[in-house]
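Descriptive analysis of the structure
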Protein chains: 2
Amino acid sequence: MLSKKAKYGLQAIIFLAKEEKKKKGPIQISELAEKENIPKKFLEIILLEMRKQGILHSKMGAGGGYSLGKSADKISIGQIVRLLDGPLAQVSCLSKTAYHKCDECKDEKTCEIRKVMKKVHESTARILDRTSLADAVKGKVNI
Amino acid sequence: MLSKKAKYGLQAIIFLAKEEKKKKGPIQISELAEKENIPKKFLEIILLEMRKQGILHSKMGAGGGYSLGKSADKISIGQIVRLLDGPLAQVSCLSKTAYHKCDECKDEKTCEIRKVMKKVHESTARILDRTSLADAVKGKVNI
DNA sequence: TAGATTATCTATTAAACAAATAGATTAAAC
DNA sequence: GTTTAATCTATTTGTTTAATAGATAATCTA
């Protein structure tokens with residue numbers, strides 16, 4: 001399951017991507033929180049994390065707010081989910097972004113669990129990394 | 001990520017499936033715990049849950065222990081994971097076994113997050129539901 | 001330059017969940 | 001009736017999730 005954090009983050013960035021098209025400058029946290037029904041303070045934390053990764057851009061002060069940090073077709077859904085919820089892999093020995101040998105595992109080569117989850121991970125990563133924010137907004141999912 | 005519970009459970013049932021072939025009667029929790037390096041008391045809980053679902057069978061008293069509750073080709077990996085870690089779906093509105101409307105969601109039909117995660121869920125469920133315990137033990141994964 | 005606006009930082013909290021442990025009880029075999 | 005092994009009841013510890021509060025820093029406008 002996605003955490004609320006990841007869900008809120010996705011909702012927010014999708015909202016921003018849609019606004020981007022209207023060319024009306026940055027959106028304030030409070031507006032975003034209200035429109036998407038997300039607890040404001042929690043949203044602050046989430047947006048900040050995305051900004052630190054460069055997928056969002058922010059501006060302080062009057063007339064400030066949040067906007068996309070790069071073009072929506074350069075942001076993948078996978079990147080967002082990994083950032084907010086951690087690795088996509090079901091077992092850490094499969095993660096490319098955060099590899100870590102499983103504690104109990106005797107032999108990665110013969111581990112049956114790993115073998116099954118490898119397929120799951122591959123198909124998940126494939127979909128999420130190939131589908132950009134721009135695609136998602138259009139309702140297009142690349143398999 | 002799989003929880004330790006699910007990982008332990010899979011390790012244990014795979015072990016049992018392999019033993020089944022040797023036709024040597026049930027395996028005791030303590031042996032299982034030792035061979036697979038799983039905390040015994042924790043393993044008890046896990047095995048019990050699987051027994052209650054009918055995928056394991058147990059026998060008390062001397063000479064007792066655990067064995068598969070049905071043939072390994074009638075147990076899917078998906079069933080085990082769902083049992084121990086809950087629904088496979090990334091968002092509850094996609095789960096067939098535990099459907100639940102998302103709190104914040106305005107319209108399921110147009111939700112972009114749902115649309116992407118639907119594909120992920122479909123491919124995950126496909127793999128895990130089509131791969132039986134017997135397959136997994138053979139190192140075979142059905143896509 | 002003062003005041004308003006808006007993001008950012010530091011800190012804290014409550015509740016839920018994950019992971020594990022301890023001890024008593026029940027069922028079966030011999 | 002003693003031994004073996006699963007089962008039940010209860011508790012504990014630590015971590016994570018989700019959220020809130022209040023102070024601070026940057027930017028705009030009048």
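Use the structure listed above.
Structure report, in brief. (Residues numbered from 1 in each chain as written. Chains lettered and ligands numbered in written order. Predicted model: local features only at pLDDT ≥ 70, side-chain atom pairs only at ≥ 80, totals over all residues. Heavy atoms only, no water.)

The secondary structure content of chain A amounts to six helices and two strands. The order of helices and strands in chain A, counted from the N terminus, is α-α-α-β-β-α-α-α. Principal-axis analysis of the C-alpha atoms gives chain A an extent of 60 × 30 × 25 Å. Per-residue burial over chain A gives 50% buried out of 143 residues. Nonlocal contacts in chain A, meaning residues at least 24 apart in sequence, comprise 54% of its contacts between residues at least 6 apart. Within the structure as shown, chain A displays about 7400 Å² of accessible surface, and the carbon and sulfur contribution to it stands at 53%. Placing the 29 positive and 17 negative side-chain charges of chain A at their respective mean positions leaves the two points 4 Å apart. (Helix = DSSP H or I, 4+ residues; strand = E, 2+ residues; numbered from the N terminus. Buried < 20%, exposed > 50% of the residue type's maximum accessible area, 1.4 Å probe, protein only. Contact = heavy atoms within 4.5 Å. Areas by Shrake-Rupley, 256 points an atom, 1.4 Å probe, with all protein chains shown as cover. Lys, Arg positive; Asp, Glu negative; His and termini not counted. Charge placed at Lys NZ, Arg CZ, Asp CG, Glu CD.)

Moving on, we get to helix H4 (residues 77–85) of chain B. Here H4 of chain B has its buried residues at Ile77, Gly78, Ile80, Val81 and Leu84 of chain B. Seen end-on, H4 of chain B carries its buried residues on one side only, within an arc spanning 160°. Close packing links the buried residues of H4 of chain B with helix H5 (112–130) of chain A together with helix H1 (4–22), helix H3 (40–52), helix H5 (112–130) and helix H6 (133–138) of chain B. One or two residues past the end of H4 of chain B sits Gly86 of chain B, with phi positive at roughly 85°. (Arc of directions from axis to C-beta.)

The next point concerns the pattern of salt bridges. For the structure on display, the rule yields 24 salt bridges over all chains. A salt bridge links Lys35 of chain A to Glu31 of chain A, with the shortest nitrogen-to-oxygen separation between them at 2.6 Å. Note that Lys35 of chain A and Glu31 of chain A are positioned in helix H2 (residues 29–36) at a spacing of four residues, about one turn of the helix. Classification of Lys35 of chain A as partly exposed rests on a relative accessible area of 43%. Here Lys7 of chain B and Glu104 of chain A are joined by a salt bridge, their closest N and O atoms 3.9 Å apart. Here Lys7 of chain B, found in helix H1, pairs with Glu104 of chain A, found in the loop between helix H4 (77–85) and H5, and the two come from separate chains. Here Lys7 of chain B falls in the buried class, since its relative accessible area comes to 12%. (Salt bridge = Lys/Arg side-chain N within 4 Å of Asp/Glu carboxyl O.)

Taking the relative accessible area as the measure of exposure, Glu104 of chain A reaches 13% and is therefore buried. For the pair formed by Glu104 of chain A and Ala12 of chain A, sequence separation is 92 residues and the distance between their alpha carbons is 39 Å. If near-sequence neighbours (up to four positions away) are discounted, Glu104 of chain A is found in contact with Lys4, Lys7, Tyr8 and Gln11 of chain B.

In the vicinity of DNA strand D lie 27 residues, with Lys41 of chain A together with Ile29, Arg51, Ser58 and Tyr66 of chain B positioned nearest. Protein-adjacent atoms of DNA strand D, using a 4 Å cutoff, are sugar or phosphate at a proportion of 68%. Residue Lys4 of chain A places a main-chain N or O atom 3.3 Å away from a phosphate oxygen belonging to DNA strand D. One nitrogen or oxygen atom from the side chain of Tyr8 of chain A is found 3.3 Å from a phosphate oxygen belonging to DNA strand D. Secondary-structure elements contributing two or more residues to the surface near DNA strand D are helix H1 (4–22) and helix H3 (40–52) of chain A together with H3, strand E1 (56–59) and strand E2 (65–68) of chain B. (Near = heavy atom within 4 Å. Polar contact = N/O pair within 3.5 Å; in protein donor to acceptor, adjacent residues only side chain to side chain.)

Another point: the packing of H1 of chain A against H3 of chain A. Residues and elements named next belong to chain A. Two elements in contact, H1 and H3, have axes separated by 10 Å at closest approach and are oriented at 70°. Considering their axes alone, H1 and H3 lie roughly perpendicular with respect to each other. Taken together, the residues of H3 that come into contact with H1 (itself represented by Lys5, Tyr8, Gly9, Ala12 and Ile13) are Phe42, Leu43, Ile46, Leu47, Glu49 and Met50. (Axes fitted to C-alpha atoms, helices over the stretch in contact; angles between N-to-C directions. Parallel < 35°, antiparallel > 145°, perpendicular 65-115°, else oblique.)

Residue and element names in this part refer to chain A. Note that strand E1 (residues 56–59) and strand E2 (residues 65–68) share four bridges and pair antiparallel. Residue pairing across strands places Ser58 opposite Tyr66, the latter belonging to E2. Hairpin remark: E1 followed by E2, antiparallel, with five residues in the connecting loop; positive phi at Gly61, about 80°. (Pairing = 2+ DSSP bridges.)

Take the protein's contact with DNA strand C next. Of all residues adjacent to DNA strand C, which total 29 residues, the nearest are Ile29, Arg51, Ser58 and Tyr66 of chain A together with Lys41 of chain B. Among the atoms of DNA strand C lying within 4 Å of the protein, the sugar-phosphate backbone contributes 66%. Here Arg51 of chain A contributes a side-chain N or O atom positioned 2.5 Å from a phosphate oxygen of DNA strand C. One of the side-chain nitrogen or oxygen atoms of Lys41 of chain B is found 2.3 Å away from a base oxygen of DNA strand C. Elements supplying a minimum of two residues to the surface near DNA strand C: H3, E1 and E2 of chain A together with H1 and H3 of chain B. The element best represented in the surface near DNA strand C is H3 of chain A, accounting for five residues.

A few words now on the packing of H4 of chain B against H5 of chain B. All names here are of chain B. With their axes 5 Å apart at the nearest point, H4 and H5 run at an angle of 115° to one another. In terms of axis orientation, H4 runs roughly perpendicular to H5. Here H4 contributes Ile77, Gly78, Gln79 and Arg82 to the contact with H5, which in turn contributes Ala125, Leu128 and Asp129. Here the contact of H4 with H5 is composed, by residue class, of three nonpolar, two polar and two charged. (Nonpolar A, V, L, I, M, F, W, Y, C, P; charged D, E, K, R; others polar.)

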